[in-house]
Amino acid sequence: MIDSKIMETTKSILKEFGNTYFSDKGTLKRNKVIEDLDAYTPMLMKALLANQLIHDTYTESIVIDDKSVELFKLNQFIEMFTYKEYWQDSYTKFENKIGLTAGGKFIDETADVVLDFPCKDTVLKAGMTKEDQKDADEPFLHETIAKAEIDQLLEPKIFVNATKYDQENLNGVSTDNFDDDNLIIKGNNLIALHSLKEKYAGAVKLIYLDPPYNTGSDSFAYNDRFNHSSWLTFMRNRLIIAKKLLSKDGVIAVQTDYHENSYLRVMLDELFGRDKFISEIAVKMSTASGPKMANISSNIPKLKDSIIIYKKESMVINKQPYKLKESWDKEYSKILMNFTNEDRKILDRGIKEKDLEVTRKTIESCRLSTLSKEFPDKKNDKKWLHENAWRIVADKQNTGLDNLLSKSTKFWNGDVSAVSAKQGEITLFRTDKEFGKDTRVEIVFADNNLTEHVGDLWTDISTSGGFSEEGGVKFPTAKKPEKLLKRLIEMFSKEGDIVLDFFAGSATTLAASLKLIGSLWELNRWIILIKFQ
């Protein structure tokens, strides 16, 4: 398809900005262009208006107080991106498209569809001490009308009463220098975040948030008339500054439940971009028992929370989350006899180093048998099976391997042998098969297949058994398991990264980070906690 001259000219200008407005495949990021046009991004506007064709087509001169003023017809220019695909082969923008529109634009093709709510254009300091909560009429500071008050509120503050704890000062010592230390800050988190901006903007790798869920019974007791919109305003103020603190490859994970989950997701779409959404993880947080079962005739018991995850620009998962399979796979019913732990280590090393001679010598010295024959009383003992998974095997289908062996002259001498493919990869196989007729020839170990990826449904982290007192910190409700935080931290951060939690309650984020390495003084991730007050 052929671009119009104006679109062709515009594309050439946008390409000067590298991959800002084009994907790796060369596709135009229309929403990003529209977003930056709506924001009148200076560099973009300057580049566009410097072009004579665009200037003449999309500017208009008007006279105000005897002075000529040029206006850029932004809406008309944006429409070019919205409806470009229809202009290429038709005189109507509606051809081959059915859908909802807002302002004459399809809602999936505009940056204008956002979550609006009362007081969205305000700032809510929202202190949450008992003393603060006595002031039920705290004002919502309008971004324009109360700009001076907002600037004063969010102006960086000096941290006071700092105490440093290290190996030499286990009981703490006063300090005014904490530039390279892990931080626990007690105070209003909105003010603290703005006070951290100068030093930490673009530096935080992972932000984990466990904010008030706005259930009506938790710690968020604000202006009942606008309780819902107050919560959204409260969160939006903090998420805006949080995004600025994230590094380009940073990730934010917000845990919440059905009370505000859907609204929060739309807000995060607006603030981070819909294309920056990574996942919404369902985490099992309770069981269907006790008080939850009291009204099941009219209610469905709530058993899960949601963790909504967005990236700032790019993202890499450093450690994939796996869990043990719930049941033993009956396919793993065979066992290698005359085979020791040391043999297994030698075998693994031979396979990794592509040393066929060592691998073949090691595996051919063992005998292949079945669990039913050798250990009939253990074949259903899950604990024993897991302990011996290093020598328990299954034969699986491998058509390519079977075809290769059917054309080979016999070179094997044991029940199990090894063969090298063209790429040098070594595969183990059963020697008692009729090659060419039975494709279940490859041998695989059980301990390499004991786990499965948890995906976006996390049911394997226990929330029962008194974890409310985990780590010696008693939180009767709303506390999160350390294993949950450990998984998130391992997934989205690595050694040397900064992790931020500005709704710190029982300091589970710190505890999980600490236990990743086992010593507070050797902590390999920098932690910033803001204990919301």
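Structure first, text after, so check above.
What comes next is a walk through the structure.

Analysis parameters
Residues numbered from 1 in each chain as written. Predicted model: local features only at pLDDT ≥ 70, side-chain atom pairs only at ≥ 80, totals over all residues. Heavy atoms only, no water. Axes fitted to C-alpha atoms, helices over the stretch in contact; angles between N-to-C directions. Helix = DSSP H or I, 4+ residues; strand = E, 2+ residues; numbered from the N terminus. Left-handed = near helix turned anticlockwise from the far one by under 90°. Contact = heavy atoms within 4.5 Å. Nonpolar A, V, L, I, M, F, W, Y, C, P; charged D, E, K, R; others polar. Buried < 20%, exposed > 50% of the residue type's maximum accessible area, 1.4 Å probe, protein only. Lys, Arg positive; Asp, Glu negative; His and termini not counted. Salt bridge = Lys/Arg side-chain N within 4 Å of Asp/Glu carboxyl O. Polar contact = N/O pair within 3.5 Å; in protein donor to acceptor, adjacent residues only side chain to side chain. Core = buried A, V, L, I, M, F, W, Y, C linked by side-chain atoms within 4.5 Å. Phe/Tyr/Trp six-rings, centres within 6.5 Å; stacked < 30°, edge-to-face > 60°.

### Let's talk about the packing of helix H9 (residues 227–245) against helix H10 (residues 261–272)
Step number 1: Taken N-terminus to C-terminus, the directions of H9 and H10 make an angle of 35°; their axes are 11 Å apart at the nearest point. Pair H9 / H10 crosses with right-handed handedness. Along the contact surface, H9 presents His-228, Trp-231, Leu-232, Met-235, Arg-236, Leu-239, Ile-240 and Lys-243, while H10 presents Tyr-263, Leu-264, Met-267, Leu-268, Glu-270, Leu-271 and Phe-272.
Step number 2: Considered class by class, the residues forming the contact of H9 with H10 number 11 nonpolar, 1 polar and 3 charged.

### Remarks on the side chain of Glu-442
Step number 1: Residue position: Glu-442 is located in strand E20 (residues 440–445).
Step number 2: At 4.2 Å, Lys-396 is the nearest oppositely charged side chain to Glu-442, a buried residue that forms no salt bridge.
Step number 3: At 2.9 Å, the side chain of Glu-442 and the side chain of Asn-398 are in polar contact.
Step number 4: Dropping the residues within four chain positions of it, Glu-442 is found in contact with Ala-394, Asp-395, Lys-396, Asn-398, Leu-401, Thr-427, Leu-428 and Phe-429.

### What about the nonpolar core?
Step number 1: Grouped together as the largest cluster of nonpolar side chains are 38 residues, with contacts concentrated most on Ile-207, Leu-239 and Ile-252.
Step number 2: Where this core is concerned, the elements lending two or more residues are strand E9 (183–187), helix H8 (189–200), strand E10 (204–209), H9, strand E11 (246–256), H10, strand E13 (304–311) and strand E23 (498–504).
Step number 3: The leading source of residues in this core is H9, at 8 residues.
Step number 4: Beyond its immediate chain neighbours, meaning those up to four positions away, Ile-207 contacts Ala-242, Leu-246, Val-251, Ile-252, Ala-253, Leu-500 and Phe-502.

### Description of the pattern of salt bridges
Step number 1: A full pass over the atoms with the stated rule returns 26 salt bridges.
Step number 2: Measuring nitrogen to oxygen at the nearest pair gives 3.8 Å for the salt bridge that ties Lys-334 to Asp-395. Of this pair, Lys-334 sits in strand E15 (residues 334–337) while Asp-395 sits in strand E17 (residues 392–397), and the two are 61 residues apart along the sequence.
Step number 3: According to the relative accessible area criterion, Asp-395 is buried, its value standing at 6%.
Step number 4: A salt bridge links Lys-437 to Glu-434, with the shortest nitrogen-to-oxygen separation between them at 3.1 Å.
Step number 5: Overall, the relative accessible area of 69% leaves Lys-437 in the exposed class.
Step number 6: A single salt-bridge network, built from bridges that share partners, covers Glu-331, Lys-334, Asp-395, Arg-430, Asp-432, Lys-433, Asp-438 and Arg-440.

### Brief notes about H8
Helical periodicity: at 3.6 residues per turn, an α-helix aligns residues three or four positions apart in one direction.
Step number 1: When you tally the buried positions in H8, you get 9 out of 12 residues, the bulk of the element.
Step number 2: Among the residues of H8, the N-terminal cap falls to Asn-188, whose side-chain oxygen and the backbone nitrogen of Leu-190 are separated by 3.0 Å.
Step number 3: The positive-phi residue at the C-terminal boundary of H8 is Gly-202, with phi of around 75°.

### Quick notes on the environment of Arg-236
Step number 1: In this structure, Arg-236 sits in helix H9.
Step number 2: Arg-236 gets classed as buried once you look at its relative accessible area, which sits at 12%.
Step number 3: Sequence-wise, Arg-236 and Leu-124 are 112 residues apart; in three dimensions their C-alpha atoms are separated by 9.5 Å.
Step number 4: With near-sequence residues (within four places) excluded, Arg-236 lies in contact with Phe-117, Lys-120, Glu-143, Met-267, Glu-270 and Leu-271.

### Describing the packing of aromatic side chains
Step number 1: On inspection of all chains with the given rule, the structure shows 16 aromatic pairs.
Step number 2: Their ring planes at 80° and their centres at 4.9 Å tell us that Phe-411 and Trp-412 sit as a pair that is edge-to-face.
Step number 3: With a relative accessible area of 26%, Phe-411 lands in the partly exposed category.
Step number 4: An angle of 75° between the planes, with centres 6.0 Å apart, marks the rings of Phe-411 and Phe-429 as edge-to-face. Residue Phe-411 is found in the loop between helix H15 (399–406) and strand E18 (416–420), and its partner Phe-429 is found in strand E19 (residues 426–430); the two are separated by 18 residues along the sequence.
Step number 5: Its relative accessible area of 0% is what places Phe-429 among the buried residues.

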